[in-house]
Amino acid sequence: MDKKKEVVMVGMDDSECSHYALRWALQNLGQTLSRSHLLLFSAQPLLEFTVDLINDLQENQRKATLSLLANAKEICAKHGIIGEMATEVGEPKEAICKAAEKLDIQLLILGSHGRGAIQRAFLGSVSDYCVHNAKCPVLVVKRPA
Amino acid sequence: MADVVAKQRKILVAVDESEESMYALSWCLKNVVSENYNDTVVLLYAKPIRSAYATLDGTGYFFSSEVVATMESYNKEMAGSDMAKAKKVCNDFGEVEVEKRVENGDARDVICRAAQELGPVVLVMGSHGYGLIKTYFQLYSF
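All values derive from a computational prediction rather than experimental measurement.

## Details of the overall build of chain A
Step number 1: Each helix and strand in chain A was counted, giving 6 helices and 5 strands.
Step number 2: Mapped in sequence order, the helices and strands of chain A form the string β-α-α-β-α-β-α-β-α-α-β.
Step number 3: Relative to a compact globule of 145 residues, whose C-alpha radius of gyration would be 15 Å, chain A shows 15 Å and is just as compact.
Step number 4: Projected onto its principal axes, the C-alpha positions of chain A cover 50 × 35 × 25 Å.
Step number 5: Within chain A, the proportion of its 145 residues that are buried is 39%.

## Some details on the side chain of S15(A)
Step number 1: Among the secondary structure elements, S15(A) is positioned in the loop between β1 (7-11) and α1 (16-28).
Step number 2: At a separation of 2.5 Å, a polar atom in the side chain of S15(A) contacts the side chain of D13(A).

## Digging into the pairing of strand β4 (residues 107-112) of chain A
Residues and elements named next belong to chain A.
Step number 1: Within β4, 6 of the 6 residues are buried, which leaves it mostly tucked inside the rest of the structure.
Step number 2: Burial along β4 is two-sided: the face carrying L107, I109 and G111 and the face carrying L108, L110 and S112 are both buried.
Step number 3: Across 3 bridges, the pairing between β1 and β4 is parallel. Bridging across to β4, M9 finds its partner in L108.
Step number 4: Two strands pair when backbone bridges link them, and β4 and strand β5 (residues 138-142) are joined in this way by 5 bridges, in the parallel orientation. Bridged to L110 within β5 is V140.

## Topic: the interface of chain A and chain B
Step number 1: Facing the 12 residues of chain A at the interface are 12 residues of chain B.
Step number 2: Taken over both partners, the interface formed by chain A and chain B buries close to 900 Å², and the fraction arising from carbon and sulfur atoms is 42%.
Step number 3: Counting the surface chain A buries against chain B, the share from its top three residues, W24(A), N28(A) and Q31(A), is 48%.
Step number 4: The interface formed by chain A and chain B includes 0 salt bridges.
Step number 5: Joining chain A to chain B, the criterion identifies 6 residue pairs in polar contact (both at pLDDT 80 or more).
Step number 6: Where the side of chain A that touches chain B is concerned, the elements lending two or more residues are α1 and α2 (30-34) of chain A.

## As for the packing of aromatic side chains
Step number 1: Scanning all chains against the criterion turns up 0 aromatic pairs over all chains.
Step number 2: When the ring centre of Y37(B) is taken as origin, the NZ or CZ atom of R9(B), which lies over that ring, is 4.1 Å away.

## A few points about the sheet that holds strand β2 (residues 37-44) of chain A
In sheet architecture, strand pairing relies on hydrogen bonds along the backbone and comes in two forms, parallel and antiparallel.
Residue and element names in this part refer to chain A.
Step number 1: Pairing is parallel in the open sheet, where 5 strands are placed in the order β3-β2-β1-β4-β5. The two strands at the open ends of the sheet, each matched to only one other strand, are β3 (83-89) and β5. Taking the axes of each pair of neighbouring strands and ignoring which way they run, one obtains an average angle of 25° across the sheet.
Step number 2: Where β1 meets β2, 5 bridges bridge the pair, whose relative direction is parallel. Across the sheet, V10 pairs through a bridge with L40, a residue of β2.
Step number 3: Sheet strands touched by helix α6 (residues 126-133): β4 and β5. Its angle to β4, the strand with the most contacts, is close to 155°.

## Observations regarding the nonpolar core
A general tendency of soluble globular proteins is for nonpolar side chains to be buried together.
Step number 1: Formed by 44 residues in total, the largest nonpolar core has its most connected members in L22(A), L38(A), L40(A), I109(A), V13(B) and L43(B).
Step number 2: Considering every element that reaches this core, the biggest residue donor is helix α1 (residues 19-31) of chain B, with 6 residues.
Step number 3: Excluding anything up to four places from it in sequence, I109(A) contacts V8(A), M9(A), V10(A), G11(A), A21(A), A25(A), L29(A), L139(A) and V141(A).

## Here we look at the side chain of H19(A)
Step number 1: Along the polypeptide, H19(A) turns up in helix α1.
Step number 2: Discounting chain neighbours no more than four positions away, the residues touching H19(A) are M12(A), D13(A), D14(A) and I75(A).

## Let's talk about the packing of α1(B) against helix α2 (residues 65-93) of chain B
Residue and element names in this part refer to chain B.
Step number 1: Where α1 contacts α2, the axes come no closer than 10 Å and their chain directions differ by 25°. The orientation of α1 relative to α2 falls into the category roughly parallel. Where α1 crosses over α2, the handedness of that crossing is right-handed. Packed against α1, whose contacting residues are E19, M22, L25, S26, L29 and K30, the element α2 presents D82, K85, A86, V89, C90 and F93 at the interface.

## Regarding the confidence of the model for chain A
Step number 1: Here chain A shows a mean pLDDT of 88. Residues at 70 or above account for 94%.
Step number 2: No element of chain A has a lower mean pLDDT than helix α5 (residues 117-123) of chain A, at 72, and none a higher one than β1(A), at 95.

## Brief notes about a nonpolar patch on the surface
Step number 1: A cluster of nonpolar side chains, contributed by F63(B), V67(B) and M71(B), occupies part of the molecular surface with about 210 Å² of accessible area.
Step number 2: With respect to the element layout, M71(B) can be found in helix α2.

Cut-offs applied
Residues numbered from 1 in each chain as written. Chains lettered and ligands numbered in written order. Predicted model: local features only at pLDDT ≥ 70, side-chain atom pairs only at ≥ 80, totals over all residues. Heavy atoms only, no water. Helix = DSSP H or I, 4+ residues; strand = E, 2+ residues; numbered from the N terminus. Rg over C-alpha atoms; globule rule 2.2 N^0.38 Å. Buried < 20%, exposed > 50% of the residue type's maximum accessible area, 1.4 Å probe, protein only. Polar contact = N/O pair within 3.5 Å; in protein donor to acceptor, adjacent residues only side chain to side chain. Pairing = 2+ DSSP bridges. Contact = heavy atoms within 4.5 Å. Buried area = accessible area lost by both parts, 1.4 Å probe. Salt bridge = Lys/Arg side-chain N within 4 Å of Asp/Glu carboxyl O. Phe/Tyr/Trp six-rings, centres within 6.5 Å; stacked < 30°, edge-to-face > 60°. Lys NZ or Arg CZ within 6 Å of the ring centre and 35° of its normal. Axes fitted to C-alpha atoms, helices over the stretch in contact; angles between N-to-C directions. Core = buried A, V, L, I, M, F, W, Y, C linked by side-chain atoms within 4.5 Å. Parallel < 35°, antiparallel > 145°, perpendicular 65-115°, else oblique. Left-handed = near helix turned anticlockwise from the far one by under 90°. pLDDT = per-residue confidence, 0-100. Patch = residues over 30% accessible without salt bridge, like charges linked within 9 Å, V, L, I, M, F, W, Y side chains within 5 Å. Areas by Shrake-Rupley, 256 points an atom, 1.4 Å probe, with all protein chains shown as cover.

Written as structure tokens, this is what we have:
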């Protein structure tokens, strides 16, 4: 009887930092990833426009997100790891934490923009939010300057 | 025929007396340490330097040098025993290189400084899971 595999989730967007985080994880945590399920997650931000436009724009957003995830899945395949894709609509930081809880994630991996304190105050930080609010261990991968 | 030497990696783990950091250490040993690499786990313990204590009502107290000396030796003992506990967790896990570092100062600065110096591949620490108010008291009332 197969022991239940742990699920490791990598939060992705179109930034170079999250792709760096994915590659870092594939290189350094290869052993852990090969014995767990790898989930590639990307959030589609909610768009606020008129009702007519919204469906088209949301559909475009969905296509862009899925192609981003497919690309990430290919990067995983190059390292011999199978990544599954998942996406939700919502604000990235909340969507990531909610998904991590719902799917009983054992490890959340995120990239970091490396912004200073003032930029963080204005633009927000997904990794900061998740470190404080996710119920599971969080690994924040920083890109070397 | 030359043997491929496994890449050397340093893993910095911040430990204190809490259960959370022991859990983080054992989590790290299970999930981060890998046989594919030549891993060294560096256990870092920060000994806080305290010469003045503040109380909630705003008055501060300075302690005489004898009291400070007693507290220092107590802190040293605590550091020793926590390190021993951490070392035991590592030994129980199996074959892994362990280094110990005890430094003086505020844990936050000590950890960041050590991370800068050692250039580890990853820094592991536990989280107390304090809410907003508890965090405030931890940060602003020694």
